[in-house]
Each structure stands twice: as structure tokens, then as C-alpha cells.
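Residue-level listing of the chains:
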Amino acid sequence: MLILITYDVETTTHEGQKRLRNMAKVCLNYGQRVQNSVFECVVDFSQYTKLKLELRGIIDNAKDSLRIYNLGNHYTTKVEVMGLNHANQLDGELII
């Protein structure tokens, strides 16, 4: 399934800046950054559950915002890109 993760972390404190870095690190373990605080991740149900638990462990519910959009397994017709597209094809081959 494709999920879209967006977050807004309060960064006026050192702790907030650390949360922001940790959120990005966790998201990068599961997918790719498509904008500053926006990530696309193709995951199965167990990865999705683990990812949510990891992010819940980082976020400060009183100061931060986290949204996860589940676009399901048939997501190719649900994503439309206009302008520059620096993202990799999520279901294609990746050569590193």
C-alpha cells in the first residue's frame, strides 16, 4: 500500500529540532522524501503498523502534527504530479 506522511514539528527548541530529525530518519527508512516534511512510502500492513508506532514514539502531541494518508494498493491512478518530479518510481527497480 502507498501511504503519504506529512508532519509539522515545532522547532523553536533543541528538543523540537531533534524530533524533526528523528521523524525524517524514520520516514526515510520506509520511503522517500517528496517535499520537506512529506514522504511517500510503499509498505505492507506490518511495516505500516511498525512505522506508526515509531512515529508515535517521537511526536509531541501537544506541539506537533502528524498526518498519514493511506492511498491503498491501487495508488497509481491516485497520484498526479505537476511540475518538477524528483521522486523515484516507488514500484520500479532501484539501483544504488
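Relevant structure appears above.
Calculation notes
- One numbering rule holds for all chains: residues counted from 1, following each sequence as written.
- Totals for whole chains, interfaces and linings use every residue, but because this is a predicted model, local features are given only for residues with pLDDT of at least 70 and side-chain atom pairs only at 80 or more, for both listing and counting.
- Note: side-chain values were computed over all heavy atoms of the structure, leaving out hydrogens and water.
- Only buried residues count toward a nonpolar core, which is a set of Ala, Val, Leu, Ile, Met, Phe, Trp, Tyr and Cys residues joined through side-chain atoms within 4.5 Å.
- Summary of the burial criterion: residues with accessible area below 20% of their type's maximum are buried, those above 50% are exposed, and those between are partly exposed, where the area comes from a 1.4 Å probe applied to protein chains only.
- Secondary structure follows DSSP: runs of H or I at least 4 residues long count as helices, runs of E at least 2 residues long count as strands, and numbering of each begins at the N terminus.
- Lines fitted to C-alpha atoms define the axes, with helix axes restricted to the stretch in contact, and inter-axis angles between N-to-C directions lie between 0 and 180 degrees.
- When an angle is under 35 degrees it counts as roughly parallel; over 145 it counts as roughly antiparallel; between 65 and 115 it counts as roughly perpendicular; any other value is oblique.
- Contacts between residues were defined by any pair of non-hydrogen atoms, one from each residue, lying within 4.5 Å.
- Expected helix span is given by 1.5 Å per residue-to-residue step, counting one fewer step than there are residues.
- Our arc is simply the arc of the directions from the helix axis toward the C-beta atoms.
- Pairing between strands is defined by DSSP: at least two bridges between the two strands are required.
- Any carboxyl oxygen of Asp or Glu within 4 Å of a side-chain nitrogen of Lys or Arg constitutes a salt bridge here.

(A) Seen up close, the nonpolar core. Ranked by size, the top nonpolar core spans 17 residues in total, and within it Ile3, Ile5 and Tyr7 carry the most contacts. Here this core gets five residues from one element, more than from any other, and that element is helix α1 (residues 14-30).

(B) View of the packing of α1 against helix α2 (residues 45-58). Look at α1 against α2: their axes get within 10 Å of each other, and the N-to-C directions meet at 175 degrees. As judged from the angle between their axes, α1 and α2 are roughly antiparallel. Facing α1, whose interface residues are Arg19, Asn22, Met23, Val26, Cys27 and Tyr30, α2 presents Gln47, Lys50, Leu51, Glu54, Leu55 and Ile58.

(C) Region of interest: α2. Here α2 spans 20 Å end to end across 14 residues, near enough to the 20 Å set by a 1.5 Å rise per residue. Turning to α2, its buried residues are Tyr48, Leu51, Leu55 and Ile58. In an axial view of α2, the angular spread of the buried residues amounts to 85 degrees, which keeps them on one side of the axis. Projecting away from the buried face of α2 at angles above 90 degrees are the exposed residues Phe45, Ser46, Lys50, Leu53, Arg56 and Gly57. Tucked inside the fold, the buried residues of α2 contact β1 (2-8), α1 and β4 (65-72).

(D) Structural view of the pairing of strand β2 (residues 31-35). As judged from the four bridges shared by β2 and strand β3 (residues 38-42), these two strands associate in the antiparallel manner. Counterpart to Gln35 in the pairing with β3 is Val38. Between β2 and β3, which pair antiparallel in sequence order, lie two residues.

(E) Spatial organisation of the pattern of salt bridges. Evaluation of the coordinates by the stated rule reveals two salt bridges. As a salt-bridge pair, Glu10 and Arg19 come within 3.6 Å of each other at their nearest N and O atoms. When sorted by exposure, Glu10 lands in the same class as Arg19, which is buried. With a shortest N-O distance of 2.7 Å, Asp64 and Arg19 are connected by a salt bridge. Taken as a pair, Asp64 in the loop between α2 and β4 and Arg19 in helix α1 lie far apart in primary sequence, 45 residues in all. Here Asp64 matches Arg19 in class, with each residue buried. In the salt-bridge network here, residues are joined through shared partners; they are Glu10, Arg19 and Asp64.

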